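Now for the letters of each chain:
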Amino acid sequence: MKIFTTHQTKEIDRRTIELEPILSINLMERASIAMTQWLTTRFAPGVVTVFAGNGNNGGDALAVARMLAIGGWEVTVCMASHNNLSPECQINYTRLTHLTKVKLHLLANGDAIPQPDEGIVIDGLLGSGINRPAEGTVLDMIQAINRLSLQVVSIDLPSGLRGEDNSDVPHHAIVSATHTLSLGFPKLAFLFPENDHCVGEWHVLEFGLHRTTIEAMTTPWHLTRAMDAKAILPARDKFAHKGHYGHALLMSGSYGMMGAAVLASKACLKAGVGLLTTHAPRYGYEILQTTVPEAMVSIDRSDILISEFPDLTPYDAIGIGPGIGLKTNTCEALAQLLDHITTQRMVMDADALNILSQHPELLDKLPRETVLTPHPKEFQRLAGNWSNDYERLERLRAFAIKHGIVVVLKGAYTTIATPEGTCYFNTTGNPGMASAGSGDVLTGIILGLLSQKIAPAQAAILGVYLHGSAGDIYANAESEESLTANDLVRHLGQAFRELKNN
Ligand SMILES: NC(=O)C1=CN([C@@H]2O[C@H](COP(=O)(O)OP(=O)(O)OC[C@H]3O[C@@H](n4cnc5c(N)ncnc54)[C@H](O)[C@@H]3O)[C@@H](O)[C@H]2O)[C@@H](O)CC1
Ligand SMILES: [K+]
């Protein structure tokens with residue numbers, strides 16, 4: 001699903017009005033009907049306090065207020081004034097004033113800001129038209145809303161929040177919503193951890209924007225829904241043999257860190273690879289042979305770390321990093337590997353990424369479309385610091401473009417950036433997955449998918465989706481708290497099935 005900028009969304013609104021064609025006021029009515037339907041399926045009729053601004057976000061709010069009043073709700077509306085309204089807001093203001101049972105507070109008349117202690121609040125003060133941090137009366141209303149202990153439903157955006165970059169906006173100048181009803185598309189800002197305090201649960205409401213315009217408009221930002229991940233999943237051939245699904249080489253483990261190699265190996269096998277060879281230090285031999293009997297083991301000359309790599313000819317894809325440590329011999333083996341790799345696809349994680357940040361000259365040797373899977377700290381070591389989430393996203397895109405690689409930045413809404421600078425935000429997963437070994441499992445899954453000749457960016461998108469989905473399946477059945485990396489491996493089968501049946 002595409003994520004557009006606020007500017008693009010306005011253009012889509014405009015083209016819908018022109019090409020459908022539909023009057024702007026009627027498009028607003030359609031959006032307001034979609035929001036009212038959402039509200040009435042979620043809440044029983046009761047008390048609602050509506051805060052409306054003077055632009056089209058306020059127009060939406062006034063239309064929703066009218067529809068709820070007609071539906072039997074007890075409606076109070078609060079506005080700064082009824083002057084300088086946008087044309088659509090003016091029409092909806094007039095329509096609302098015909099309903100005598102709606103209580104209207106105009107702060108310009110000296111009315112106090114209502115302080116309801118029951119029902120729900122609708123926030124339609126500011127939407128995508130915000131052009132400066134909120135101030136004056138609007139800021140007073142935002143702060144009044146935030147002092148209430150009621151559920152707040154924001155129209156399109158929590159008032160005060162911009163669709164993209166919010167680096168100059170203080171938290172106290174944004175409404176803290178319980179739910180945000182995003183019109184047409186999600187906003188980029190919803191996906192940033194720094195906005196978690198204000199966005200609440202967000203929901204995208206469709207209201208019939210112009211299809212062809214949406215299809216033709218390009219954007220670097222996408223959200224991966226089940227149908228997008230499913231489209232990547234290749235069908236399995238009835239006459240396939242194990243060579244069909246590729247031979248993966250996993251280079252993983254060191255003394256005391258063999259668990260990483262076990263988890264990544266298991267995950268790679270569960271992701272459907274044909275054959276797996278795990279290259280590990282000598283001390284890892286028995287561990288791997290007993291815990292992952294399906295994998296072949298290639299033994300390093302070193303007892304305790306990886307210091308070499310096997311002949312690469314048989315392999316379709318290589319995964320390196322989980323638990324390998326940062327010793328000089330291992331760094332040298334990695335540098336050598338990068339000199340010898342030919343057609344193999346590659347995924348690098350954990351200590352392999354730390355080696356890259358210690359030896360940045362190696363970044364130039366990465367084969368095009370190598371997949372790196374850093375968590376934010378690892379990415380910071382690779383690419384430098386950032387001061388806000390928007391800047392972090394820009395840095396991620398720039399880094400992927402500069403080095404011609406696929407970067408998987410892990411976290412809530414794990415973001416996959418391609419060498420072309422396109423970003424895919426994942427929608428599965430839960431906080432229970434921020435635990436030891438979770439990353440090793442992801443590396444194994446992506447390695448398994450790469451071996452099956454799925455293109456690197458697609459393998460990353462699908463792998464991240466399945467990994468999160470396995471976590472969600474477990475958390476729904478058990479709990480987030482008890483989730484361990486092994487649970488992710490165990491539920492990968494169900495994650496595949498759910499995706500196929502979707
Ligand atoms: N084509 C349409 O009619 C549609 C518009 N939609 C709604 O329209 C909204 C955008 O409407 P607008 O572009 O009118 O913008 P807004 O309603 O977001 O706000 C614009 C008004 O607020 C003022 N303003 C900006 N920043 C301010 C600040 N910090 N403090 C105080 N006032 C400030 C502006 O000068 C302007 O008067 C969307 O968010 C959505 O809710 C939806 O109804 C969908 C269709
Ligand atoms: K709003």
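Quantities reported herein were computed from a predicted structural model and do not represent experimental measurements.

Structural notes on the overall build of the protein
Tallying secondary structure elements over the protein gives 18 helices and 18 strands in all. Counting only C-alpha atoms, the protein reaches 85 × 45 × 45 Å along its principal axes. Taking all 502 residues of the protein together, 58% fall into the buried category. In the protein, the share of contacts with a sequence separation of at least 24, taken over all contacts with a separation of at least 6, comes to 72%.

Considerations on the pattern of salt bridges
Using the criterion set out here, one finds 20 salt bridges in the structure. For the salt bridge of arginine 14 with glutamate 18, the shortest nitrogen-to-oxygen distance reads 2.9 Å. In this pair, arginine 14 and glutamate 18 are both assigned in helix α1 (residues 6-19), 4 residues apart and thus about one turn of the helix distant. For arginine 14, a relative accessible area of 40% corresponds to the partly exposed category. Taken together, the salt bridges that share partners define one network made up of Glu11, Arg14 and Glu18.

Quick look at the packing of helix α13 (residues 376-383) against helix α14 (residues 389-403)
The N-to-C vectors of α13 and α14 enclose an angle of 60°; their axes lie 11 Å apart at closest approach. Here α13 is positioned oblique relative to α14, judged by the angle of their axes. At the point where α13 passes α14, the crossing takes the left-handed sense. Contact residues: Pro376, Phe379, Leu382 and Ala383 in α13; Arg392, Arg395, Leu396 and Phe399 in α14. Here the contact of α13 with α14 is built from residues that sort into 6 nonpolar, no polar and 2 charged.

With respect to the UniProt feature "binding site: AMP" (unreviewed entry) in the protein
As annotated by UniProt and renumbered to match this structure, "binding site: AMP" (unreviewed entry) occupies Lys410, Gly411, Ala412, Tyr413, Thr414 and Gly439. When you line up the elements, lysine 410 lands in the loop between β16 (406-409) and β17 (415-417). The contact partners of lysine 410, leaving out residues within four places of it in the chain, are Asp349, Thr373, Pro374, His375, Pro376, Gly439 and Leu442. From its side chain, lysine 410 meets the backbone oxygen of threonine 373 in a polar contact 3.1 Å long. Here tyrosine 413 lies in the loop between β16 and β17.

Description of the coordination of the potassium ion (ligand 2)
Every protein donor of the potassium ion (ligand 2) is accounted for by Asn57 (OD1), Asp123 (O), Leu126 (O), Ile155 (O), Leu157 (O) and Ser159 (OG), and the metal-donor separations fall at 2.6 to 3.1 Å. In this structure, the potassium ion (ligand 2) is surrounded by 6 donor atoms whose angles at the metal cover 67 to 175°, and the resulting shape is irregular. Here the donor residues of the potassium ion (ligand 2) share one chain and are spaced in sequence as N-x65-D-x2-L-x28-I-x1-L-x1-S. Of this pair, asparagine 57 sits in helix α3 (residues 56-70) while aspartate 123 is found in strand β5 (residues 120-124), placing the two residues 66 residues apart along the sequence. According to the relative accessible area criterion, asparagine 57 is buried, its value standing at 8%. A residue is classified by how much of its surface remains accessible, and aspartate 123, at 0% relative accessible area, is buried.

Remarks on the sheet that holds strand β8 (residues 201-205)
Through backbone hydrogen bonds, the strands of a sheet pair up, either in parallel or in antiparallel fashion. Strand order in this open sheet of 7 strands is β4-β3-β2-β5-β6-β7-β8, and the pairing throughout is parallel. Edge strands, defined here as strands with exactly one partner in the open sheet, are β4 (103-106) and β8. Across the sheet, the axes of successive neighbouring strands diverge by a mean angle of 20°, strand direction being ignored. Looking at chain direction, strand β2 (residues 47-52) and strand β3 (residues 74-79) are connected through 6 bridges and run parallel. Along β3, the bridge assignment pairs alanine 52 with methionine 79. In this fold α3 packs onto β2, β3, β5, β6 (151-155) and β7 (179-183), with an angle of close to 160° to the strand it touches most, β2.

Brief notes about the site of ligand 1
Lining the immediate environment of ligand 1, one finds 24 residues, of which Asn56, Asp60, Gly127, Arg132 and Asp156 sit closest. Contact between ligand 1 and lysine 10: an oxygen atom at 3.1 Å from a side-chain N or O atom of the residue. Between serine 24 and ligand 1, the recorded distance is 3.4 Å, taken from a side-chain N or O atom to an oxygen atom. Considering ligand 1 on its own, with 870 Å² of exposed area, one finds that the protein chains cover 84% of that surface. Contributing elements (two or more residues each) for the shell around ligand 1: α1, α2 (24-42) and α3. Grouping the constituent residues of the shell around ligand 1 by class yields 10 nonpolar, 9 polar and 5 charged.

Remarks on the sheet that holds β16
Strand order in this open sheet of 11 strands is β1-β9-β18-β17-β16-β15-β14-β13-β10-β11-β12, and the pairing throughout is mixed. Both edges of this open sheet fall to β1 (2-3) and β12 (296-299), since each of them pairs with a single strand only. Here 3 bridges tie β17 to strand β18 (residues 423-426), and the two strands are oriented antiparallel to one another. Bridged to threonine 415 within β18 is phenylalanine 425.

Things to note about the domain arrangement of the protein
When the domains of the protein are assigned, the result is domain 1 (2-218) and domain 2 (227-501). For domain 1 and domain 2, the distance between their C-alpha centroids amounts to 42 Å. Across the boundary between the two partners, domain 1 contributes 11 residues, which contact 7 residues of domain 2. Both faces considered, domain 1 and domain 2 share a buried interface measuring about 860 Å² in area, 70% of it formed by carbon and sulfur atoms. Ranking the residues of domain 1 by area buried against domain 2 places Leu191, Phe192 and Glu194 at the top, with a combined share of 48%. There are 0 salt bridges connecting domain 1 and domain 2. Along the contact surface separating domain 1 from domain 2 lie 2 residue pairs in polar contact (both at pLDDT 80 or more). Its residues placed into classes, the side of domain 1 that touches domain 2 shows 7 nonpolar, 1 polar and 3 charged.

Some remarks on the pairing of strand β13 (residues 317-320)
Along a regular strand, successive side chains alternate from one face of the sheet to the other. On β13, burial covers both faces: Ala317 and Gly319 on one face and Ile318 and Ile320 on the other are all buried. As paired strands, strand β10 (residues 247-251) and β13 are joined by 4 bridges and run parallel to one another. Bridging across to β13, methionine 251 finds its partner in isoleucine 320. For β13 and strand β14 (residues 345-348), the ladder comprises 4 bridges, and the chain directions are parallel. Its bridge partner lying in β14, isoleucine 318 is registered against methionine 346. Crossover β13 to β14 through helix α11 (residues 328-340) is right-handed.

The rules behind each value
- Residues numbered from 1 in each chain as written.
- Chains lettered and ligands numbered in written order.
- Predicted model: local features only at pLDDT ≥ 70, side-chain atom pairs only at ≥ 80, totals over all residues.
- Heavy atoms only, no water.
- Helix = DSSP H or I, 4+ residues; strand = E, 2+ residues; numbered from the N terminus.
- Buried < 20%, exposed > 50% of the residue type's maximum accessible area, 1.4 Å probe, protein only.
- Contact = heavy atoms within 4.5 Å.
- Salt bridge = Lys/Arg side-chain N within 4 Å of Asp/Glu carboxyl O.
- Axes fitted to C-alpha atoms, helices over the stretch in contact; angles between N-to-C directions.
- Parallel < 35°, antiparallel > 145°, perpendicular 65-115°, else oblique.
- Left-handed = near helix turned anticlockwise from the far one by under 90°.
- Nonpolar A, V, L, I, M, F, W, Y, C, P; charged D, E, K, R; others polar.
- UniProt positions renumbered as here; feature names shortened; annotations may be inferred.
- Polar contact = N/O pair within 3.5 Å; in protein donor to acceptor, adjacent residues only side chain to side chain.
- Donors = N, O, S within 2.8 Å, 3.2 Å for Na, K, Ca; no water.
- Tetrahedral: all angles 85-135°; square planar, octahedral: opposite > 155°, others 65-115°.
- Pairing = 2+ DSSP bridges.
- Near = heavy atom within 4 Å.
- Areas by Shrake-Rupley, 256 points an atom, 1.4 Å probe, with all protein chains shown as cover.
- Domains from an automatic or database assignment.
- Buried area = accessible area lost by both parts, 1.4 Å probe.
- Right-handed = clockwise from strand over helix to strand, strands pointing away.

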